[in-house]
Amino acid sequence: MGWEPPRPSVDKNRNRIENSKSGEDFLLMHRQMIIHVNTMLSQIQDPLYPKVEGWNTIPSPGDIDYPVPVWNTAPDIIKERKTDAYYDNFIVGWENDFTQPEFLSQLTLGQLGSKLEYTIHNAMHLRWTSDPVTFRPSVFPTNAETIDLRWDDPSYDYLADTYSSHVNHIFWKLHGWIDERIGDWMNAHEITGTVPWSVQWDKNMMPQHTIIHGPHLMARMGEVAEEEVNRMVRVAKILSKVNMVIPFSVIDDGMT
Ligand SMILES: [Cu+2]
């Protein structure tokens, strides 16, 4: 659909590139997502969910509100991150570092984003994921239109798949926590005012006034289904090739 990071976060051997600006991309893209969602939430006006609120502290083992989902047959990398030992040996130390002015003052914003992404962030995604039961076949990004619509059902909210993780409510808890680290970093560097980004991330962002209510969308999908979806895909493909944001009138029409 044209979403593409402006620079890679890892090299061809999957080693992290900490001194590129990809760490800023990580932080800024997710901050834009949170702003976008908060705009939608303010229009929906659900008193039970007025805005995204991240974890203040990362839930410890045995937390009643955010238990670690049990998944006995999980791949080893996920199983390991779900253990109490992993929390004690890794998460506690990371959480401590990433909230410490002394640690944060040694890092550029890009280094902070890169370190966060590949340590505590990835671990939280895997730790709080549930068993998806069936796995979405991996599709090369340029063939995005071949992804079956069944994976768009909100019940597919696998936290370890970038296609669906944002549908899972835990996504907003953990990314809210990540987002707060930007403020900690600014305090550590005694920077006030706006965040000194050296990157931009607005090429393919949907306009902020766009809003789709779930039930309306579902009803509408039933009516116009394939033709409209195909048209949206074509529009998105064109948008990906131009360096500007065009109001997404196809979605706006009748669905807001
Ligand atoms: Cu994430």
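First things first, this report covers the structure right here in the doc. Small disclaimer: the values here were computed from a predicted structure and weren't measured.

## Thoughts on the packing of helix α3 (residues 84–97) against helix α5 (residues 109–127)
Running from N to C, α3 and α5 cross one another at 135°; their axes reach a closest spacing of 10 Å. Between α3 and α5, the angle falls in the class oblique. For the element pair α3 and α5, the recorded crossing hand is left-handed. Contact residues: Tyr86, Tyr87, Ile91, Trp94 and Glu95 in α3; Thr119, Ile120, Ala123 and Arg127 in α5. For the contact of α3 with α5, the residue count by class is six nonpolar, one polar and two charged.

## Regarding the packing of aromatic side chains
All told, the structure shown has eleven aromatic pairs when counted by the stated rule. Ring plane angle 55° and centroid distance 4.8 Å describe the contact between Trp55 and Trp128, whose orientation is recorded as tilted. Residue Trp55 is located in the loop between α1 (22–44) and α2 (76–81), and its partner Trp128 is located in the loop between α5 and α6 (169–188); the two are separated by 73 residues in the primary sequence. As far as burial versus exposure is concerned, Trp55 and Trp128 are alike and both buried. Feature note: the residues Trp55, Tyr66 and Trp128 constitute an aromatic cluster, connected by ring pairs. A cation sits over an aromatic face here: Arg150 above Trp151, 4.2 Å from the ring centre.

How each quantity is defined
Residues numbered from 1 in each chain as written. Predicted model: local features only at pLDDT ≥ 70, side-chain atom pairs only at ≥ 80, totals over all residues. Heavy atoms only, no water. Axes fitted to C-alpha atoms, helices over the stretch in contact; angles between N-to-C directions. Helix = DSSP H or I, 4+ residues; strand = E, 2+ residues; numbered from the N terminus. Parallel < 35°, antiparallel > 145°, perpendicular 65-115°, else oblique. Left-handed = near helix turned anticlockwise from the far one by under 90°. Contact = heavy atoms within 4.5 Å. Nonpolar A, V, L, I, M, F, W, Y, C, P; charged D, E, K, R; others polar. Phe/Tyr/Trp six-rings, centres within 6.5 Å; stacked < 30°, edge-to-face > 60°. Buried < 20%, exposed > 50% of the residue type's maximum accessible area, 1.4 Å probe, protein only. Lys NZ or Arg CZ within 6 Å of the ring centre and 35° of its normal.

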